[in-house]
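One letter stands for each residue in the lines below.
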2 protein chains.
Amino acid sequence: MIPNWLLQRAYLTPDRVALSFEQQQWTFQELHDEAMRIARKLYANGLREGTRVALLGPSNAHMMFMIHGCLLGSIEIVMINSRLSEKEIAYQLLDSEAEAIIVEDSLAEKLQTIDRKKLLFSFIASSEEIDFTPINTWKAEQTITIMYTSGTTGFPKGVRQTVGNHTSNALSSVLNLGLSENDVWLCTTPLFHISGFSIIVRSLLYGMGIRLYEKFDAIEAAEEIQKGSVTRMSVVANSLDRILREMEKSEMFAHPNFQTMLAGGGPLPIDYLRRAEKRGIAVLQTYGMTETSSQTATLSADDALRKIGSAGKPLFFNQIKIRDAEKPMQHGEVMIAGPHVTPGYVGRFADRNPLEDGWLPTGDIGYMDHEGYLYIVDRRSDLIISGGENIYPAEIENVLVSHPSVLEAGVCGQEDEKWGSVPIAFLVCKEPIEKEEIEKFCLERLAKFKVPKSFYMVDELPRNASNKLMRRELKHFRKRPL
Amino acid sequence: MIPNWLLQRAYLTPDRVALSFEQQQWTFQELHDEAMRIARKLYANGLREGTRVALLGPSNAHMMFMIHGCLLGSIEIVMINSRLSEKEIAYQLLDSEAEAIIVEDSLAEKLQTIDRKKLLFSFIASSEEIDFTPINTWKAEQTITIMYTSGTTGFPKGVRQTVGNHTSNALSSVLNLGLSENDVWLCTTPLFHISGFSIIVRSLLYGMGIRLYEKFDAIEAAEEIQKGSVTRMSVVANSLDRILREMEKSEMFAHPNFQTMLAGGGPLPIDYLRRAEKRGIAVLQTYGMTETSSQTATLSADDALRKIGSAGKPLFFNQIKIRDAEKPMQHGEVMIAGPHVTPGYVGRFADRNPLEDGWLPTGDIGYMDHEGYLYIVDRRSDLIISGGENIYPAEIENVLVSHPSVLEAGVCGQEDEKWGSVPIAFLVCKEPIEKEEIEKFCLERLAKFKVPKSFYMVDELPRNASNKLMRRELKHFRKRPL
């Protein structure tokens, strides 16, 4: 049994600061009271313990209250990525069978054609309240959030994240990072992502404050770090680079209060590490995913320059092995086990067990060195990581081939200075097609960041003997841009 | 599944200091290697995964290796209090059905009449080694240690402490205390007690060093605290007082490195708190027991002077309630729930479920104030706490009435400047008896600290209407000393 996070935290440390956003701040007691008010309004709208509801909003204080209201009421939340297209959202609502979608008013226009109960933030705010007693303790196996991720099939899978998954991840992390009463985590990553959501869980378990920004802003982040008003932060390569540029431009240094930067989404260029070191920033590179409710392995700052390119060692409660590897340095699929690994999916993949013999096959190829440090050499399913967002080529290819003029499609990543990588598409067409048309077609069906930045006409796609698309070959293929 | 603690810790942070004792120190890798050597020797002696073995030794580095050897080999350890009499040890061996008792050579004389396989430390050291692969992960429900505690019946009960109990306790504690990479816990409490053993678990989970002393020494403790070579310490009232006296005498102050003192075994006099504050020592008062693998509630240093006499609030994963209390301030039996609560006993009490509806009744009487702080007003079963050792009157009374001249016996605690409290006995006798004789009789059957410091002859014992002994009345009873 695990205590209802916010209920227990507000009881234990009511007066500690839980959240600050713009010029306002809330203690855990105040956060509890805001969340309780919302939970009572949700209750009045039929949303209560065990209900599954989708949630779409920007990463601001109101969204935070809404998330906490759902958690306090033991309501399962399908966290919707606000960058998705209407069609993608429709798919997730249908697949997850969410009873309703709670949506911040400004985003409601995204849902015009969606045929599901919609509850605007403003509607909930003006609802009556029905008093109820929140569940005191949760079962570890209870699903509390669902996040969609695409994977190899091209169909997004709704990943169940249980109370136990989130809790053990936060605990593993604290054993690695340490904890001080004055810790404040700067959160500039979206709350619908596991990177953002896991900060909420840590905050509740640790009694730690969150400094929340609706959008990442390099200048503001740099200033918080210099002032020492925050002690931790989660970044991806691109945001780290932008913070460092600001700090370099203004000769800023991290305040001694500032402890560590947790960097996800693939290894960092060594140059970034050196620059961070000069600014007094300790960077921990981490390997995590939606299916593991955030970090599985993390490389300590001490090892960063000694083990360039490594994702580090597993956190305390986690296990990593390389499929079929009998000794160090052998390459193979990375397999993960531990209490942080999802028990499975909802919707069309509900029957699929993600584990083989208790281990999660990640699709990533990697190896362990002689000291047991993990190296990822090839991302799962030709995964494209663009500004911290995972993009699965298969999902984009599925959309492209649904266009009447397209026969076959192949998508891969292309290096990009700003985003790390962006998707580009290769098309075999029945008839000539305009770039504008295929772009528009994609925009209606895909989040903008998934829409290929370039389209190329080819006569055929590179395939291996068993006719499998060789996406890694695409990049070097003869190109005729649309 | 929980990773084999030392196996995982030595993998994750092999080079961090795990233990220092006298002039020597060991990293986690070195500790692992020492433990593995012992585990292989134990294996050669038939002690392996799932075997239950008793362990008796002083709290020094060799004992530490022996404990880690057993843990690494997934051997269940019955931790034997080295202050027990031979008869008491015999009872625990019989009751627990331990396959053997591992004993440090100097303590072997304690076991002369004991008819059970004895393995001296020196014998194990000279054994051959059989190579084996330690279990990688444990089940949370797996019993890993057994500690005896007496309780109301007078018959000591072997309390099972599972991997999950110890692990969740260490995790709850870190969320309360915080953690830094430089933490070192000063351990001067016996390792066979949960107060000492829980430091070992924390060390493994946190990657934290232990500074170990075989015996408590106030001068050395004060010096470590002043030097800042340690950051945490566990104490009872008496040891805290002695440390403070040393520091006051030599005008010493705690080094800024020093974080917190965890004080168990009942509330501290306010005078101790004020004196500790003057020396720069933050004292956290805690409420714990063998059945909860250490702390259940802890009072923060900030609250120490505002909530005098309180045991604080539960740690994050724990729940406390007062039986039948409907609102704050109502007195009743303290009930505990959480993943740190024992699933039960071995031996004669194996069939007894310690829980009622998932809650452990402690026998202690207490209340919650309006802010949810726990106060203990009366210790369970007239428990006598003497220098941190729990003494149960019923156990001593059982021994006293087994003497042919004694008809009835009653035992209670008497305030003592050095030990906090000491047991005294009231006897109804068939015939006159000498003090020396009854003392000798007790010494053969009880640990020295349990032997009453005074014996009084009385005509009858104070009993209530249902003939229950009123131990609290004894103190004020007409006395004729032996």
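With an unreviewed UniProt entry as reference, chain A is termed 2-succinylbenzoate--CoA ligase, source organism Sporosarcina contaminans. For chain A, the Sequence similarities (unreviewed entry) comment in UniProt is given as "Belongs to the ATP-dependent AMP-binding enzyme family. MenE subfamily." In its Catalytic activity (unreviewed entry) section, the UniProt record describing chain A reads: "2-succinylbenzoate + ATP + CoA = 2-succinylbenzoyl-CoA + AMP + diphosphate".

Engineer: What is the right way to look at the overall build of chain A in this model?
Structural biologist: When you go through chain A residue by residue, the secondary structure sums to 13 helices and 28 strands. Expected size for 482 residues packed as a compact globule is a radius of gyration near 23 Å; at 22 Å, chain A falls within 12% of this value. On the principal axes, the C-alpha backbone points of chain A span a range of 65 × 55 × 50 Å. Buried residues in chain A amount to 61% of all 482 residues. Look at the contacts in chain A between residues 6 or more apart in sequence, and 66% of them connect residues 24 or more apart.

Engineer: Which parts of the structure should I look at to understand the pairing of strand β5 (residues 76–79) of chain B?
Structural biologist: Regular strands place their side chains on alternate faces of the sheet. Residues and elements named next belong to chain B. Covered by surrounding structure in β5 are Glu-76 and Val-78 together with Ile-77 and Met-79, the residues of both alternating faces. Relative to β5, strand β4 (residues 52–56) is paired through four bridges, and the arrangement is parallel. Looking at β5, one finds that Leu-55 is bridged to Met-79. With helix α3 (residues 61–72) bridging β4 and its parallel neighbour β5, the resulting β-α-β unit is right-handed. The sheet contact formed by β5 and strand β9 (residues 143–149) spans three bridges and is parallel. From the neighbouring strand, Val-78 faces β9, where its bridge partner is Ile-146.

Engineer: What should I look at first to understand the confidence of the model for chain A in this one?
Structural biologist: Low pLDDT marks regions whose predicted coordinates should not be analysed in detail. With 98% of its residues at a pLDDT of at least 70, chain A reaches an overall mean of 93. Model confidence for the complex is summarised by a pTM of 0.89, with the ipTM given as 0.88.

Engineer: Got a minute to help me understand the sheet that holds strand β25 (residues 406–416) of chain A in this structure?
Structural biologist: Adjacent strands of a sheet form backbone hydrogen bonds with each other and so pair up, either parallel or antiparallel. Residues and elements named next belong to chain A. What the four strands build is an open sheet, ordered β25-β26-β27-β28; its pairing is mixed. Edge positions in the sheet fall to β25 and β28 (480–481), since each of these pairs with one other strand and no more. Bridging between strand β27 (residues 454–457) and β28 involves two bridges; their strand directions are antiparallel. Paired with Tyr-456 across the bridge in β28 is Pro-481.

Engineer: Can you help me understand helix α11 (residues 393–401) of chain A in this one?
Structural biologist: Side chains three or four residues apart in an α-helix point the same way, a direct result of the helix having 3.6 residues per turn. Extensive coverage of α11 of chain A is indicated by the burial of seven of its nine residues. Residues Pro-393, Ala-394, Glu-395, Ile-396, Glu-397, Val-399 and Leu-400 of chain A constitute the buried set of α11 of chain A.

Engineer: Explain the relation of the copies chain B and chain A here, please?
Structural biologist: Here two copies of a chain appear, and what relates them is a rotation about an axis with a shift along it. For the match of chain B to chain A, the screw axis carries a shift of 0.0 Å, the RMSD comes to 0.1 Å, and the turn is 180°. What we have between these two chains is a two-fold relation. Taking C-alpha positions as reference, the residue of chain B nearest the rotation axis is Leu-179 of chain B, located at 2.4 Å. Both copies present the same face, since 100% of the interface residues in chain B are matched by interface residues at the equivalent positions in chain A.

Engineer: How should I be thinking about the domain arrangement of chain A in this particular structure?
Structural biologist: When the parts of a complex come together, some accessible area is lost, and that lost area is often taken as the interface size. Residues and elements named next belong to chain A. Split by domain assignment, chain A resolves into domain 1 (2–138), domain 2 (166–381) and domain 3 (383–481). Here the C-alpha centre of domain 2 lies 26 Å away from the C-alpha centre of domain 1. Three residues, Trp-5, Arg-16 and Ser-59, lead the burial of domain 1 against domain 2; their summed loss comes to 26% of the area buried on that side. Applying the counting criterion to the domain 1 and domain 2 interface returns zero salt bridges. Linking domain 1 with domain 2 are twelve residue pairs in polar contact (both at pLDDT 80 or more). Only α1 (5–12), β2 (17–21), α3 (61–72) and α4 (86–96) provide two or more residues apiece to the side of domain 1 that touches domain 2. Ranked by the residues each element gives to the side of domain 1 that touches domain 2, the list is headed by α3, at six residues.

Engineer: Hey, could you run me through the interface of chain B and chain A in this one?
Structural biologist: Between chain B and chain A, the contact holds 33 residues from the first and 33 residues from the second. Taken as a group, Tyr-11, Leu-175 and Phe-316 of chain B account for 27% of the area that chain B buries against chain A, more than any other trio of residues on that side. Between chain B and chain A we count zero salt bridges in total. Contributions of two or more residues to the side of chain B that touches chain A are made by β1 (2–3), α1 (5–12), α6 (163–177), α7 (194–206) and β17 (310–314) of chain B. At five residues, the largest contribution of residues to the side of chain B that touches chain A is made by α1 of chain B. Its residues assigned to classes, the side of chain B that touches chain A comprises 20 nonpolar, eight polar and five charged.

Engineer: How do you make sense of the nonpolar core when you look at a structure like this?
Structural biologist: Soluble globular proteins tend to pack their nonpolar side chains together in the buried interior. Counting residues in hydrophobic clusters, the biggest one holds 131 residues, and the most contacted among them are Trp-5 and Ile-102 of chain A together with Trp-5 and Ile-102 of chain B. Once residues lying within four places of it in the same chain are set aside, the contact partners of Ile-102 of chain B are Leu-42, Leu-47, Val-53, Ala-54, Leu-55, Leu-56, Met-66, Cys-70, Leu-119, Phe-121 and Ile-124 of chain B.

Engineer: Before we go on, may I ask you to explain helix α2 (residues 28–44) of chain B in this structure?
Structural biologist: Residues and elements named next belong to chain B. Compared with an ideal rise of 1.5 Å per residue, which puts 17 residues at 24 Å, α2 spans 24 Å between its outermost C-alpha atoms and is within 8% of the ideal. For α2, the set of buried residues is Phe-28, Leu-31, His-32, Ala-35, Met-36, Ile-38, Ala-39, Arg-40, Lys-41 and Leu-42. Phi turns positive one or two residues past the end of α2, at Gly-46, with a value near 85°.

Engineer: Any chance you could explain the environment of Arg-471 of chain B here in plain terms?
Structural biologist: Relative to the helices and strands, Arg-471 of chain B resides in helix α13 (residues 471–474). The spacing of Arg-471 of chain B and Leu-374 of chain B is 97 residues in sequence and 25 Å in space, taken between C-alpha atoms.

Engineer: So what exactly am I meant to see when it comes to the state of the cysteines here?
Structural biologist: As used in these notes, a disulfide is a covalent bond between sulfur atoms, one from each of two cysteines. Taken as a whole, this structure holds zero disulfides over all chains when the rule is applied. Free of any disulfide, Cys-70 of chain A has its nearest cysteine sulfur in Cys-187 of chain A, 17 Å distant.

Engineer: I tried to follow the side chain of Lys-450 of chain B on my own but got confused; where do I start?
Structural biologist: Relative to the helices and strands, Lys-450 of chain B resides in the loop between α12 (435–445) and β27 (455–457). Residues in contact with Lys-450 of chain B, not counting those within four places in the same chain, are Leu-84, Glu-88, Ile-391, Glu-395, Ile-396 and Pro-423 of chain B.

Engineer: Please clarify how the packing of aromatic side chains should be interpreted in this entry.
Structural biologist: The geometry of an aromatic ring pair is captured by the separation of the ring centres together with the interplanar angle, meaning the angle of the planes. All names here are of chain B. In total, this model carries 16 aromatic pairs over all chains according to the counting rule given. Arranged with centres 5.0 Å apart and planes meeting at 5°, the rings of Tyr-367 and Tyr-375 form a pair that is stacked. Residues Tyr-367 and Tyr-375 agree in their burial class; the two are buried. Cation over ring: Arg-48 sits above Tyr-43, and NZ or CZ is 3.8 Å from the ring centre. Geometry around Phe-349 places Lys-157 over its ring, the cationic atom sitting 5.8 Å from the centre.

Engineer: It is not clear to me how the pattern of salt bridges should be interpreted in this structure. Could you clarify?
Structural biologist: Side-chain pairing between opposite charges can occur once the charged atoms of the two side chains come close. Under the defined criterion, the tally for this structure stands at 50 salt bridges over all chains. Of the charged contacts in the structure, one is a salt bridge between Arg-275 of chain B and Asp-271 of chain B, with a shortest N-O distance of 3.6 Å. Note that Arg-275 of chain B and Asp-271 of chain B are positioned in helix α10 (residues 270–278) at a spacing of four residues, about one turn of the helix. Overall, the relative accessible area of 14% leaves Arg-275 of chain B in the buried class. Classification of Asp-271 of chain B by relative accessible area gives partly exposed; the value is 41%. Asp-369 of chain B serves as the salt-bridge partner of Lys-307 of chain B, at 2.6 Å between the closest nitrogen and oxygen. Of this pair, Lys-307 of chain B sits in the loop between β16 (294–299) and β17 while Asp-369 of chain B sits in the loop between β21 (360–368) and β22 (374–378); the two residues are 62 residues apart in sequence, bridging distant segments of the chain. When salt bridges with common partners are traced through the structure, they connect Asp-241, Arg-245, Glu-248, Asp-271 and Arg-275 of chain A into a single cluster.

Engineer: Would you mind showing me how to read a negative patch on the surface here?
Structural biologist: Side chains of Glu-431, Glu-434, Glu-436 and Glu-437 of chain A sit close together on the surface and give a patch of like negative charge. If you trace the backbone, Glu-434 of chain A turns up in the loop between β26 (420–429) and α12 (435–445).

Engineer: Looking at this structure, how should I read unusual backbone geometry?
Structural biologist: The phi torsion of most residues other than glycine is negative, and most of the peptide bonds are trans. All names here are of chain A. Positive phi, normally seen in glycine, also occurs at Glu-251, with a value near 50°. Of the residues examined, Glu-251 reaches a relative accessible area of 61% and is grouped as exposed. A positive phi angle, near 45°, is found at Ser-293, a position not held by glycine. Tracing the backbone through its elements, the reader meets Ser-293 in the loop between β15 (283–289) and β16 (294–299). Judged by relative accessible area, Ser-293 falls into the buried class, the value being 2%.

Conventions and cut-offs
- Residues numbered from 1 in each chain as written.
- Chains lettered and ligands numbered in written order.
- Predicted model: local features only at pLDDT ≥ 70, side-chain atom pairs only at ≥ 80, totals over all residues.
- Heavy atoms only, no water.
- UniProt positions renumbered as here; feature names shortened; annotations may be inferred.
- Helix = DSSP H or I, 4+ residues; strand = E, 2+ residues; numbered from the N terminus.
- Rg over C-alpha atoms; globule rule 2.2 N^0.38 Å.
- Buried < 20%, exposed > 50% of the residue type's maximum accessible area, 1.4 Å probe, protein only.
- Contact = heavy atoms within 4.5 Å.
- Pairing = 2+ DSSP bridges.
- Right-handed = clockwise from strand over helix to strand, strands pointing away.
- pLDDT = per-residue confidence, 0-100.
- Least-squares fit on C-alpha atoms with pLDDT ≥ 70 in both.
- Domains from an automatic or database assignment.
- Buried area = accessible area lost by both parts, 1.4 Å probe.
- Salt bridge = Lys/Arg side-chain N within 4 Å of Asp/Glu carboxyl O.
- Polar contact = N/O pair within 3.5 Å; in protein donor to acceptor, adjacent residues only side chain to side chain.
- Nonpolar A, V, L, I, M, F, W, Y, C, P; charged D, E, K, R; others polar.
- Core = buried A, V, L, I, M, F, W, Y, C linked by side-chain atoms within 4.5 Å.
- Expected span 1.5 Å × (residues − 1).
- Disulfide = S-S within 2.5 Å.
- Phe/Tyr/Trp six-rings, centres within 6.5 Å; stacked < 30°, edge-to-face > 60°.
- Lys NZ or Arg CZ within 6 Å of the ring centre and 35° of its normal.
- Patch = residues over 30% accessible without salt bridge, like charges linked within 9 Å, V, L, I, M, F, W, Y side chains within 5 Å.
- Areas by Shrake-Rupley, 256 points an atom, 1.4 Å probe, with all protein chains shown as cover.
- Lys, Arg positive; Asp, Glu negative; His and termini not counted.
- Charge placed at Lys NZ, Arg CZ, Asp CG, Glu CD.

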